[in-house]
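Residue-level structure breakdown
In case you want the letters, here they are:
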Amino acid sequence: MATHLSYGRVNLNVLREAVRRELREFLDKCAGSKAIVWDEYLTGPFGLIAQYSLLKEHEVEKMFTLKGSRLPAADVKNIIFVVRPRLELMDIISENVLSEDRRGPARDFHILFVPRRSLLCEQRLKDLGVLGSFIHREEYSLDLIPFDGDLLSMESEGAFKECYLESDQTSLYHAAKGLMTLQALYGTIPQIFGKGECARQVANMMIRMKREFTGSQNSIFPVFDNLLLLDRNVDLLTPLATQLTYEGLIDEIYGIQNSYVKLPPEKFAPKKQGDGGKDLPTEAKKLQLNSAEELYAEIRDKNFNAVGSVLSKKAKVISAAFEERHNAKTVGEIKQFVSQLPHMQAARGSLANHTSIAELIKDVTTSEDFFDKLTVEQEFMSGIDTDKVNSYIEDCIAQKHPLIKVLRLVCLQSVCNSGLKQKVLDYYKREILQTYGYEHILTLHNLEKTGLLKPQTGGRNTYPTIRKTLRLWMDDVNEQNPMDISYVYSGYAPLSVRLAQLLSRPGWRSIEEVLRILPGPHFEERQPLPTGLQKKRQPGENRVTLIFFLGGVTFAEIAALRFLSQLEDGGTEYVIATTKLINGASWIESLMEKPF
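Residues numbered from 1 in each chain as written. Predicted model: local features only at pLDDT ≥ 70, side-chain atom pairs only at ≥ 80, totals over all residues. Heavy atoms only, no water.

As recorded in an unreviewed UniProt entry, the chain goes by Vacuolar protein sorting-associated protein 33A and comes from Balaenoptera acutorostrata. Its UniProt record gives the chain a comment under Sequence similarities (unreviewed entry), which states: "Belongs to the STXBP/unc-18/SEC1 family." (UniProt positions renumbered as here; feature names shortened; annotations may be inferred.)

**What about unusual backbone geometry?**
Note the cis peptide between Val-114 and Pro-115, where omega equals 0°. With respect to the helices and strands, the residue Pro-115 is situated in the loop between β4 (108-113) and α5 (119-127). In this structure, the amide linkage connecting Arg-505 to the following residue, Pro-506, adopts the cis form with an omega of 10°. At Asp-385, a position not held by glycine, the phi torsion is positive, near 50°. Secondary-structure assignment places Asp-385 in the loop between α13 (368-381) and α14 (391-398). In this structure, Lys-400 takes a positive phi of about 55° despite not being glycine. (Helix = DSSP H or I, 4+ residues; strand = E, 2+ residues; numbered from the N terminus.)

**Focus on the sheet that holds strand β15 (residues 572-578)**
Read across the sheet, seven strands follow the order β6-β7-β15-β14-β9-β8-β13 without closing on themselves; strand pairing throughout is mixed. Only two strands of the sheet have a single neighbouring strand rather than two, namely β6 (145-148) and β13 (522-526). The average undirected angle you get between the axes of adjacent strands in this sheet is 20°. Strand direction decides the pairing type here: strand β8 (residues 191-195) and strand β9 (residues 226-231), joined by five bridges, are parallel. Within β9, the residue paired with Gly-194 across the bridge is Leu-229. (Pairing = 2+ DSSP bridges. Axes fitted to C-alpha atoms, helices over the stretch in contact; angles between N-to-C directions.)

**Details of the domain arrangement of the chain**
You'll often see interface size given as the accessible area lost when the parts meet. Looking at the assigned domains, one finds that the chain contains domain 1 (3-142), domain 2 (147-237 + 496-588), domain 3 (246-272 + 286-366) and domain 4 (369-461). Here domain 2 and domain 4 have C-alpha centroids that lie 31 Å from each other. Taken together, the nine residues of domain 2 in the interface contact 14 residues of domain 4. Buried area between domain 2 and domain 4, both sides added, is near 1,100 Å², and the carbon and sulfur share of it is 78%. For the domain 2 face of the interface with domain 4, the top three residues by lost area are Leu-165, Leu-237 and Ile-588, together amounting to 55%. Applying the counting rule to domain 2 against domain 4 returns zero salt bridges. Our enumeration of links across domain 2 and domain 4 arrives at one residue pair in polar contact (both at pLDDT 80 or more). Looking at the side of domain 2 that touches domain 4, the elements that each hand over two or more residues are α6 (159-164) and α22 (584-591). The element best represented in the side of domain 2 that touches domain 4 is α22, accounting for four residues. Looking at the side of domain 2 that touches domain 4, its residues break down into eight nonpolar, one polar and no charged. (Domains from an automatic or database assignment. Contact = heavy atoms within 4.5 Å. Buried area = accessible area lost by both parts, 1.4 Å probe. Salt bridge = Lys/Arg side-chain N within 4 Å of Asp/Glu carboxyl O. Polar contact = N/O pair within 3.5 Å; in protein donor to acceptor, adjacent residues only side chain to side chain. Nonpolar A, V, L, I, M, F, W, Y, C, P; charged D, E, K, R; others polar.)

**What about a negative patch on the surface?**
The grouping of Glu-25, Asp-28, Glu-59, Glu-61 and Asp-75 at the surface amounts to a negative patch. Mapping Glu-59 onto the fold places it in the loop between α3 (52-57) and β2 (60-65). (Patch = residues over 30% accessible without salt bridge, like charges linked within 9 Å, V, L, I, M, F, W, Y side chains within 5 Å. Areas by Shrake-Rupley, 256 points an atom, 1.4 Å probe, with all protein chains shown as cover. Lys, Arg positive; Asp, Glu negative; His and termini not counted. Charge placed at Lys NZ, Arg CZ, Asp CG, Glu CD.)

**Some remarks on the pattern of salt bridges**
Counted by the stated rule, this structure contains 32 salt bridges. Between Arg-86 and Glu-157 there is a salt bridge whose closest N-O contact spans 3.8 Å. Placement of the pair is Arg-86 in the loop between β3 (78-83) and α4 (87-101) and Glu-157 in the loop between β7 (151-153) and α6, with a sequence separation of 71 residues. On the basis of relative accessibility, which here comes to 28%, the residue Arg-86 falls in the partly exposed class. Look at Glu-157 and you get partly exposed, because its relative accessible area is 31%. (Buried < 20%, exposed > 50% of the residue type's maximum accessible area, 1.4 Å probe, protein only.)

**Looking at the packing of aromatic side chains**
Enumeration according to the criterion identifies 13 aromatic pairs in this entry. Taken together, a centroid distance of 6.1 Å and an interplanar angle of 75° make the contact between Phe-81 and Phe-134 edge-to-face. Note that Phe-81 is positioned in strand β3 and Phe-134 in strand β5 (residues 134-139), a separation of 53 residues in sequence. A residue is classified by how much of its surface remains accessible, and Phe-81, at 0% relative accessible area, is buried. Taking the centre distance of 6.0 Å and the plane angle of 70° together, the rings of Tyr-186 and Phe-224 count as edge-to-face. Taken together, the positions of Tyr-186 in helix α7 (residues 170-186) and Phe-224 in the loop between α8 (197-212) and β9 put the pair 38 residues apart, joining distant regions of the chain. (Phe/Tyr/Trp six-rings, centres within 6.5 Å; stacked < 30°, edge-to-face > 60°.)

**A few points about the pairing of β8**
Most of β8 is tucked away, with five of its five residues classed as buried. Residues Gln-191, Phe-193 and Lys-195 point to one face of β8 and Ile-192 and Gly-194 to the other, with burial holding for every one of them. With five bridges joining them, β8 and β13 adopt antiparallel strand pairing. Along β13, the bridge assignment pairs Ile-192 with Glu-525.

**A closer look at the pairing of strand β11 (residues 260-263)**
With burial as the criterion, only one face of β11 is covered, namely that bearing Val-261 and Leu-263; the residues Tyr-260 and Lys-262 on the opposite face remain uncovered. Inspection of the sheet shows strand β10 (residues 256-257) paired to β11 by two bridges, in the antiparallel sense. Across the sheet, residue Ile-256 finds its bridge partner in β11, namely Val-261. Connecting β10 to the next strand, β11, in antiparallel fashion are two residues, including Asn-258 with a positive phi near 50°.

**Remarks on the environment of Leu-112**
Relative to the assigned elements, Leu-112 resides in strand β4. Residue Leu-112 is classed as buried on the basis of its relative accessible area, which comes to 3%. The sequence separation of Leu-112 and Phe-81 amounts to 31 residues, and the corresponding C-alpha distance is 6.1 Å. Apart from residues no more than four positions distant in its own chain, Leu-112 is found in contact with Leu-23, Phe-26, Phe-81, Val-82, Val-83, Glu-138, Glu-139 and Tyr-140.

Put into structure tokens, the structure is as follows:
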């Protein structure tokens, strides 16, 4: 049991257990000793649902990463390939299989496609002459992976690009499938709200899938009251801004992958007297970040400026607890102290780690460049000078700062101005191509196609209307004891989360004008429940809303939704699902064309 998955109103361990069971059943089909050959991208997501110990129980003796040519030697009966349905991976698998056939004793080969089998891939294996070598060819529908007690992700890295650039709806189909799995485990969701073209398509797919499964009536009492489907392109602004929560900044600076972060090791080396800093570790320090860790659960969603005071208070509490040992006189008192020791030592280790991380982040956030960049971002978001060439962006290009940083700022300016004047846009494009190389013309084209960087059409900037109606910019933000979600960006309230907040109270009718300006349709669907399953809410009981971000969500948005869930009179608790956990850099990078 992963305890951090069951602390909320919705016990996500139920989902984790369901996917683990499916994996165990597949492994048991392949009788005898096994070696798993992993598609490298899948090792992170799989680590969240099945540790090596589970695989070992089912006779998995060896694990390899999928690479060309021959497989490493392994004295096992079965070789299982666990892969995404990608054609280039099929070529590697066929190389592996053909080289094994020449090697000697016959092995049984199996292939497990995640999350769906693909006819194209099977055809490729057939063309390469290896399809008949596989005894089991199956799919493992790992659509939504539980990351935390209120967070699910598909970890589909290309979802935004596929939907908005390539008009490929595969990830939307997987999202709909994932939602059907959730409904099978947690009951039918009575109301579906949505905003955006992709949201509409996912809702349609769900309704169609439900019609196709009419035979079996879902008799589980519904856990969720509402589902809100939100397109990422309804709010292109939020991921472009720099996140200012503790978890958001860790992701911005170091990148959190499948709830793990790799950090520079020198801050974590134990300090010994008189060794003059010899033998510093060279391997990155890898830490898991989730709410199983008490201290992290407390500080992850705070604005970074509020984290220092929490850490110093914790340090005092822990040192006072260790001092208690001097007061323990009787055997009973000593025994009690000793029983608390493991918990206290874990708390001290946790505090040391987060103090080191906070110092690393502070080195970045106190730099002059970070301050200048943040100032420009905040000016754009509050509507200052969005319609002319920005001197800070010019300087960044002239000094050849990382291209992703420049693109984020230019796109932010474009979104906050409903597109740039043609003259300004052409100037930025020319400067970027002349400085960073003409191969990036394809990337600029992609950004234009997705609406991130575009010329202003119709000569009207609609962002000020959206900003004022939805109160997206707040001047007086209390970062220590926030009263509003705008604390996560120190002034800017994420548009996506504001939409969720207004849907819950007073409802979207109050913002019809803005909804018409934002891209894509908005809609509401009801899913009838069998009699006896209608929910009667107790007075004071909160609604539970599942909010699904199609195209990615940032940690700052997650923090803002958790803030709304914890409000005394909020009335709604949120569970968050997404196609991918993103930040501005990883998002822009997914849209960049790799130079050949």
